[in-house]
Structure formats: C-alpha cells, structure tokens
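Survey of secondary and tertiary structure
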Amino acid sequence: MDVFETGGATLVALLATDAWVQARAGVVALWRQFRPVQADEVTLALDETREEVLAARECGDTQGEAVLVRDWERRLRRILGEDPAVAEHLRRLLVEVDGSLPEAERPTLGPVFHTRVSGHGRSYTAGRDQHITER
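So, here is what we can say about the structure in this document. (Residues numbered from 1 in each chain as written. Predicted model: local features only at pLDDT ≥ 70, side-chain atom pairs only at ≥ 80, totals over all residues. Heavy atoms only, no water.)

Time to look at the pattern of salt bridges. Evaluated as defined, the whole model comprises eight salt bridges. Here D71 and R75 are joined by a salt bridge, their closest N and O atoms 3.2 Å apart. With D71 and R75 both in helix α4 (residues 62-82) and four residues apart, this pair spans about one turn of that helix. The exposure class assigned to D71 is partly exposed, which follows from its relative accessible area of 21%. For R75, a relative accessible area of 18% translates into the label buried. We note a salt bridge from R91 to E88, for which the minimum N-O separation is 2.7 Å. On the criterion of helical spacing, the pair formed by R91 and E88 is a turn pair, its members being three residues apart in helix α5 (residues 85-100). (Salt bridge = Lys/Arg side-chain N within 4 Å of Asp/Glu carboxyl O. Helix = DSSP H or I, 4+ residues; strand = E, 2+ residues; numbered from the N terminus. Buried < 20%, exposed > 50% of the residue type's maximum accessible area, 1.4 Å probe, protein only.)

The next point concerns the packing of aromatic side chains. Within the structure shown, the criterion is met by one aromatic pair. Taking the centre distance of 6.3 Å and the plane angle of 85° together, the rings of W31 and W72 count as edge-to-face. On the criterion of sequence distance, the pair formed by W31 in helix α2 (residues 20-34) and W72 in helix α4 is long-range, its members being 41 residues apart. For the pair shown, W31 and W72 are each scored as buried. (Phe/Tyr/Trp six-rings, centres within 6.5 Å; stacked < 30°, edge-to-face > 60°.)

On to the nonpolar core. L11, V27, W31, L46 and W72 are the most contacted members of the largest nonpolar core, which has 28 residues in total. Put simply, the parts of the chain that give this core at least two residues each are α1 (7-15), α2, α3 (39-58), α4 and α5. Residue contacts for W72: discarding those within four places in its chain leaves G8, L11, V12, V27, W31, V42, A45, L46 and T49. (Core = buried A, V, L, I, M, F, W, Y, C linked by side-chain atoms within 4.5 Å. Contact = heavy atoms within 4.5 Å.)

Inspection of the secondary structure assignment puts V69 in helix α4. By relative accessible area, which is 14% here, V69 ends up buried. The spatial distance from the C-alpha of V69 to the C-alpha of T10 is 8.4 Å, given a sequence separation of 59 residues.

So, on to the environment of W20. Following the sequence through the fold, W20 ends up in helix α2. With sequence-adjacent residues up to four places away left out, W20 is seen in contact with L14, L15, D47 and R50.

Within α1, nine of the nine residues are buried, which leaves the element mostly enclosed by the surrounding structure. Turning to α1, its buried residues number three or more, namely G7, G8, A9, T10, L11, V12, A13, L14 and L15. Next to the buried residues of α1 lie α2, α3, α4 and α5.

Any functional reading would require information that these geometric values do not contain.
This is the structure in structure tokens:
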C-alpha cells in the first residue's frame, strides 16, 4: 500500500498515539523546507487536530475524525502538487514514525480498496450501503 494514498489518515491516526510529537515535528519540518511561510500555521493546525481527534475518539465520532483526515489529505495534496520531492519526504516520515511505535500502538487505518478498470468496465466501491440502478 502506498503511504500517499492514506497520508492524511496515517497522520491523523499518529496524532492520537504516543508518537504524536515525532509526527508533528516531522510534518512541521516538511513545511519549513517546502513552505516555510506556513510552518507556524501548520504547527497550530497539528496541535488543534490532535485535540480534535482525541475528543472524536473519546466519544466515538468517526465522522468527525473522517473530516480531519480529509482536511489533512487536502493540505498534503496541495504541498505535494507544488513539489514532487515532498512525496518521498512524507513517505519516509510516516513510515519512520509509524515504525517507531510498538505493534499494538500502531494506528489502524481500516481497509484500503484498489480498483482498476479498463475498456468500458465499471467499478463500484462503497464503505457502507450502496444501491445501483442501471438501465
């Protein structure tokens, strides 16, 4: 599985673990290198995200956590779009931080689906109910 496909989810999950300080420092360093003007803003955003993800997990708010994941996916996509070198830095960071945790503390990200369609094929993937009516 490519870390970039789940970069936002991995980051948000790591912020809810004992490795959050390391994850935060690595992401801030990434921003300082590629978008230095926004590094302080990202530092605050990571701190807020940690508080929000912990609160969401405490009350079982999976939708709230999903919103945080989408927010970080958007941020990562933007910085990645500006400089492809960001991708390798991000991948190494997330693998390193995740790997530093004991197996029992590593974040679980749920299933990842990969679909390839060719020709006139169709693919339908859903995390929950799905109703398809084709005529």
